Amino acid sequence: MRRSSTVGTVYEFDPKTSVAVISRDHFGDIQSDELFTILGQSGVIILRGCINTVEEFSAFVKKHSSRLSLDPARSMVGGAAQLVDAGTHAVGLHCENGNSPFWPDLTWFYCHRAPTQGSQTTICNGADVYWHLSEGCRNFFADAPIRYRRRVAGDKWRRLVCHYRPDINNPSLVSFHDLLKLTQHDPHTTITHDAESDDIHYAYVVSAIQTSSFSALPAFANSILGPSYNYEKPIIDMADGREIPEAYLDEIETITQAHTHPIGWQDHDIAMIDNRRVMHGREEILDMNRQIFNALSYR
Ligand SMILES: [Fe+2]
């Protein structure tokens, strides 16, 4: 289905996957406002075959973001991008860093070398999932927030603080107080520090249903099914201590599965994803030559 943005960018919109595909012709001069408007209509934008290097990808992300975020467990390339290197197993649906107060608005991928078989990044539009959940399940999550709890090792939380505090360039100089200062505006996060191990333990309370800044649509967007490759697996329950009923977990699994689609990578594609509306995951990696980078940022 061919559509046109308010200022004339032509893109192909697939209503089944909620993906907007913009061709190389429109890549060079596209403005942030226009990208955000199209993203609000779709949830995912694929910029097809538009760049050649990870450095160009980093520059593009910086151009269309107010600030960058990172996953402290991954290595950084080109100032904004991080190689997606979490093993070869399939990865469950999640919002990137959606289980912590450092939840970015946007998650970006750059496919330098597309896989020849399987190994696809998958996407699942939470706005579609929301309306397909049973009323009981939808109301259960609308009525009360969920809670993520886990431990994070000292090297990871210290690296995160260094990212947000460029005046501290050595992780060993970071204090626990510096971390608290970064999150103190968020009353939904509690963090404790074990001075002996240097681990922190945090609890983050947030709704499983989000409405992103790009779209007015409520979306089932969370990391209940998400990965924990580089981290201790979080305990996920309701903020008031109740467990999430097994029947709802089964329903979520079934409904999200039915709305999950492979991105269909081609070489040099960028994917721009509304990280509070569209969850992503990954098929098992069968093609070890695939090369995909990720970046995280705020609008
Ligand atoms: Fe991810």
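Remember, predicted model here, so these are calculated numbers, not experimental data. (Residues numbered from 1 in each chain as written. Predicted model: local features only at pLDDT ≥ 70, side-chain atom pairs only at ≥ 80, totals over all residues. Heavy atoms only, no water.)

Caption draft 1: The arrangement of the pairing of strand 4 (residues 44-47) in detail. What you see with strand 4 is no split at all: V44 and I46 on one side and I45 and L47 on the other are buried throughout. Here strand 3 (residues 19-22) pairs with strand 4 via four bridges, running parallel. Across the sheet, the residue bridging to A20 is I45, located in strand 4. Regarding the hand of the β-α-β motif, the stretch spanning strand 3, helix 1 (residues 32-42) and strand 4 is right-handed. Examined bridge by bridge, strand 4 and strand 18 (residues 269-274) share four bridges and lie antiparallel to one another. For V44, the partnering residue across the bridge sits in strand 18 and is I273. (Buried < 20%, exposed > 50% of the residue type's maximum accessible area, 1.4 Å probe, protein only. Helix = DSSP H or I, 4+ residues; strand = E, 2+ residues; numbered from the N terminus. Pairing = 2+ DSSP bridges. Right-handed = clockwise from strand over helix to strand, strands pointing away.)

Caption draft 2: Representation of the side chain of H261 in the model. Following the sequence through the fold, H261 ends up in strand 17 (residues 260-262). Judged by relative accessible area, which is 12%, H261 ranks as buried. Engagement of the side chain of H261 in a polar contact is seen with the backbone oxygen of K16, the distance being 3.4 Å. In this view, H261 contacts K16, T17, T121, T122 and I123; residues no more than four positions away in its chain are not counted. (Polar contact = N/O pair within 3.5 Å; in protein donor to acceptor, adjacent residues only side chain to side chain. Contact = heavy atoms within 4.5 Å.)

Caption draft 3: Up close: the coordination of the iron ion. Bound to the iron ion are the protein donor atoms H94 (NE2), E96 (OE) and H280 (NE2), situated 1.9 to 2.3 Å from the metal. Within one chain, the residues serving as donors to the iron ion are arranged as H-x1-E-x183-H. With E96 in the loop between strand 8 (91-94) and strand 9 (106-113) and H280 in strand 19 (residues 278-282), this pair connects stretches of sequence that are 184 residues apart. (Donors = N, O, S within 2.8 Å, 3.2 Å for Na, K, Ca; no water.)

Caption draft 4: Main features of the sheet that holds strand 17. In space, the four strands of this open sheet follow the order 8-19-10-17, with antiparallel pairing throughout. At either end of the open sheet lies a strand with only one pairing partner, and these are strand 8 and strand 17. In this sheet, neighbouring strand axes are inclined to one another by 20° on average, regardless of whether the strands run parallel or antiparallel. Two elements, strand 10 (residues 121-125) and strand 19, share five bridges in a ladder whose sense is antiparallel. Pairing of T121 across the sheet is with R282, part of strand 19. The sheet strands contacting helix 7 (residues 246-258) are strand 8, strand 10, strand 17 and strand 19, and the helix crosses strand 17 at an angle near 40°. (Axes fitted to C-alpha atoms, helices over the stretch in contact; angles between N-to-C directions.)

Limitation: the analysis is restricted to geometry and does not speak to function.
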